[in-house]
Amino acid sequence: MGRRLAAAVHVRHPKSNEWLILLPGEEPDEDLAEVITNPAAWEPDEDGDGGQGEAPAGGTDLGPEPTPTPDPTPTPEAEPEPEKPRTRTRKQADEK
């Protein structure tokens, strides 16, 4: 029986290069388990090391996911220039 995930994980499949979302409680295949290197993603091992053992082979523990930065505040749009007063053209004035 494989290891179970304790948290949702976004991972790129190493063979198909497809993005996958693995949910808590799932037991991913070995090829996927190798690319999940954050020990906090796994449920505690049955041997009692609290899930803080070595990362699966083939990966490096990168630590927790970085906190996303908020989008910058948009700048207000420039106010449109006021309309110029309409004046009659010479042709319009001659017609009246």
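Worth saying up front: this structure is predicted, and the values here are computed from it rather than measured.

**Student:** Run through unusual backbone geometry, naming residues and quoting values.
**Tutor:** Phi is positive for Asn-17, close to 65°, though the residue is something other than glycine. Its location among the elements puts Asn-17 in the loop between strand 1 (9–12) and strand 2 (19–22).

**Student:** Which residues make up the nonpolar core, and what values go with them?
**Tutor:** Leu-5, Val-9, Val-11, Leu-22, Leu-32, Ala-33, Ile-36, Ala-41 and Trp-42 form the largest nonpolar core, which has nine residues in total. At the level of elements, strand 1 and helix 1 (30–33) are the ones that each hand at least two residues to this core.

**Student:** How would you sum up the pattern of salt bridges? Please name residues and give values.
**Tutor:** Under the defined criterion, the tally for this structure stands at one salt bridge. We note a salt bridge from Glu-27 to Arg-4, for which the minimum N-O separation is 3.5 Å. Here Arg-4 lies in the segment before strand 1 and Glu-27 lies in the loop between strand 2 and helix 1, a separation of 23 residues in the sequence. Classification of Glu-27 as partly exposed rests on a relative accessible area of 33%. Here Arg-4 falls in the partly exposed class, since its relative accessible area comes to 36%.

**Student:** Could you give an account of the pairing of strand 1, with specific residues and numbers?
**Tutor:** With burial as the criterion, only one face of strand 1 is covered, namely that bearing Val-9 and Val-11; the residues His-10 and Arg-12 on the opposite face remain uncovered. Relative to strand 2, strand 1 is paired through four bridges, and the arrangement is antiparallel. The residue of strand 2 that forms the bridge with Val-9 is Leu-22. With antiparallel pairing between neighbouring strands as the criterion, strand 1 and strand 2 make up a hairpin whose turn holds six residues, including Asn-17 at a positive phi of roughly 65°.

**Student:** Describe in detail the environment of Trp-42, supporting the description with residues and values.
**Tutor:** Turning to its location among the elements, Trp-42 is positioned in the loop between helix 1 and helix 2 (90–95). The spacing of Trp-42 and Pro-24 is 18 residues in sequence and 8.6 Å in space, taken between C-alpha atoms.

**Student:** Mind laying out the packing of aromatic side chains, listing which residues take part and the relevant values?
**Tutor:** Considering all chains together, one arrives at zero aromatic pairs under this definition. The positively charged end of Arg-3 is found above the aromatic ring belonging to Trp-42, 4.5 Å away from the centroid.

The rules behind these values
Residues numbered from 1 in each chain as written. Predicted model: local features only at pLDDT ≥ 70, side-chain atom pairs only at ≥ 80, totals over all residues. Heavy atoms only, no water. Helix = DSSP H or I, 4+ residues; strand = E, 2+ residues; numbered from the N terminus. Core = buried A, V, L, I, M, F, W, Y, C linked by side-chain atoms within 4.5 Å. Buried < 20%, exposed > 50% of the residue type's maximum accessible area, 1.4 Å probe, protein only. Salt bridge = Lys/Arg side-chain N within 4 Å of Asp/Glu carboxyl O. Pairing = 2+ DSSP bridges. Phe/Tyr/Trp six-rings, centres within 6.5 Å; stacked < 30°, edge-to-face > 60°. Lys NZ or Arg CZ within 6 Å of the ring centre and 35° of its normal.

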